[in-house]
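So the chains spell out like this:
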Amino acid sequence: MTAMPPVESHRPHDLVGVGIGPFNLSLAALAHGVPGSLSTAFYERSHRFSWHPGLLIEATTLQVPFLADLVTLADPASPWSFLRYLRGRDRLFPFYFAQNFHIHRAEYDAYCRWVSDSLPGLHFGHRVDAVRWNPERALFEADFTRLDTDGEETEAGRVHARNIVLGVGSEAYVPEALRPLAESPNVPVVHSSDYLRHRAELLAAGHITVIGSGQSGAEIFLDLLRERPTGAERIHWLSRTGSFAPMEYSKLGLEHFTPDYSRYFQTLPEQTRDALIPRQWQLHKGIGADTIAAIHDELYRRTLHGGWPDAVLTPGVSVRTAGRVATTQLELHLEHLQQGTRTRLSTNAVVLATGYRERSVSRMLAGLEPYLRQDSSGRPRIDGEFRLSLDPSVTGSVYVQNAETHTHGIGAPDLGLAAWRSASILNSLTGKEPYPMPRRTAFTTFGLERPEEMAAVPAQPARLTPLVQGI
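Everything in this summary refers to the structure shown in the same document. (Residues numbered from 1 in each chain as written. Predicted model: local features only at pLDDT ≥ 70, side-chain atom pairs only at ≥ 80, totals over all residues. Heavy atoms only, no water.)

**Considering unusual backbone geometry**
Okay, so step 1: Even without a glycine there, the phi angle at asparagine 186 is positive, about 65°.
Okay, so step 2: The exposed category is assigned to asparagine 186, whose relative accessible area is 75%. (Buried < 20%, exposed > 50% of the residue type's maximum accessible area, 1.4 Å probe, protein only.)

**Some remarks on the packing of aromatic side chains**
Okay, so step 1: Following the criterion strictly, the structure yields 24 aromatic pairs and no others.
Okay, so step 2: Between the aromatic rings of phenylalanine 386 and tryptophan 420, the centroid separation amounts to 5.6 Å while the plane-to-plane angle is 85°, which identifies the pairing as edge-to-face. Taken as a pair, phenylalanine 386 in the loop between strand 18 (356-358) and strand 19 (397-400) and tryptophan 420 in helix 13 (residues 418-430) lie far apart in primary sequence, 34 residues in all.
Okay, so step 3: Residue class for tryptophan 420 comes out buried when judged on its relative accessible area of 9%. (Phe/Tyr/Trp six-rings, centres within 6.5 Å; stacked < 30°, edge-to-face > 60°. Helix = DSSP H or I, 4+ residues; strand = E, 2+ residues; numbered from the N terminus.)

**Describing the sheet that holds strand 4 (residues 122-124)**
Strand pairing in a sheet takes place through backbone hydrogen bonds and is either antiparallel or parallel in direction.
Okay, so step 1: Strand order in this open sheet of five strands is 4-3-2-8-19, and the pairing throughout is parallel. Looking along the sheet, the strands with just one partner apiece sit at the ends: strand 4 and strand 19. Averaged over all neighbouring strand pairs, the angle between strand axes comes to 20°, with direction disregarded.
Okay, so step 2: As paired strands, strand 2 (residues 15-18) and strand 8 (residues 163-166) are joined by three bridges and run parallel to one another. Residue pairing across strands places valine 16 opposite isoleucine 164, the latter belonging to strand 8.
Okay, so step 3: Helix 13 rests against strand 2, strand 8 and strand 19 of the sheet, and its axis sits at about 175° to strand 19. (Pairing = 2+ DSSP bridges. Axes fitted to C-alpha atoms, helices over the stretch in contact; angles between N-to-C directions. Contact = heavy atoms within 4.5 Å.)

Set out below in structure tokens:
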């Protein structure tokens, strides 16, 4: 495309958002309720809101309660709550009698789309290409390109903002050993994020291998299993983890997804945080107990008339290499991590339930690089108000959503903290408290300080704190 001069918007916004997923949609909805004239605009390259469309498998549910909608945990009276959505659809009484604390994923997607279709200031079909600081105007500049429904570039534009928020989401992770196959055309190696689009051809494959032991891998394995004939299932389910482990879903365990734990985590030294996150995988990467039970029930049902299902479930396995050995055949070279043994597996299709990684914004933020402050691993420093640490000469703020696991802990991608984080950002941005913050959110005291005494600041030198006052 021939370069087009950008069409500039001369009226600066108080906040410009990059990306419209659930987290920035939450922020836009809560910003709409801030008293006064807060000017916001949010840009998204897709032409409509869509939340994990490849994983909206029939009857699958969220792993968080319906109260973890876009706004309720910050503003229960918001017009953008899930209950208001139900009331607008005349479905409050059916929902009441259904007694479902965990709603269907497809229903959550429809709810978010209802908000995105009604909320002003959202610009779909706009790709943000660059963000920079303009010191002469003391404003951020965001360059965007308008895209038509075929993804073709039609117009360039520029918008100015006093503050920026990045909510660009994550991207599918494909292990290096399987990347060449996944990137090859017409090879049935698909990431779970694209599962439903390829479901028919996967079911038609003679043998299917699912790789990954999280919730997505379990749901896909179960869906495929239910559709295959008894005794001729021909499915392998492999995982690097040592077991197909249940999600830690105890009530005290869930307190790791509270503002209290987020504040505690920020006080830890960088090396401690980095060592802690991998050890907490079962808090957010395990499988729901109901899904595990459903898988076992389905496998057991297939033994009622004798014989065992042709389904192999093997944890503790890594894929060393992979290749195509025939027109319709793939070969995976496997290693069992505990036994130290190796083997080969022939299959006709592979589903990679291998998770996601934070999407890189380095190219978009290249113009801000001279101002960015980084930690010892080259990652951006992020403060307790979800702001990138910038040079003091930059008077505006760049906030982030779901890019702060290394500083705020495993709750960063959790939907249950979306409204709280959005409210924290708006309180910081306005310098007021349109959304009062809860003083305490967990019964657990994660450190020696009391929760209400902990500030979201870097760890201070060790000091003694009495466990019981007045001794």
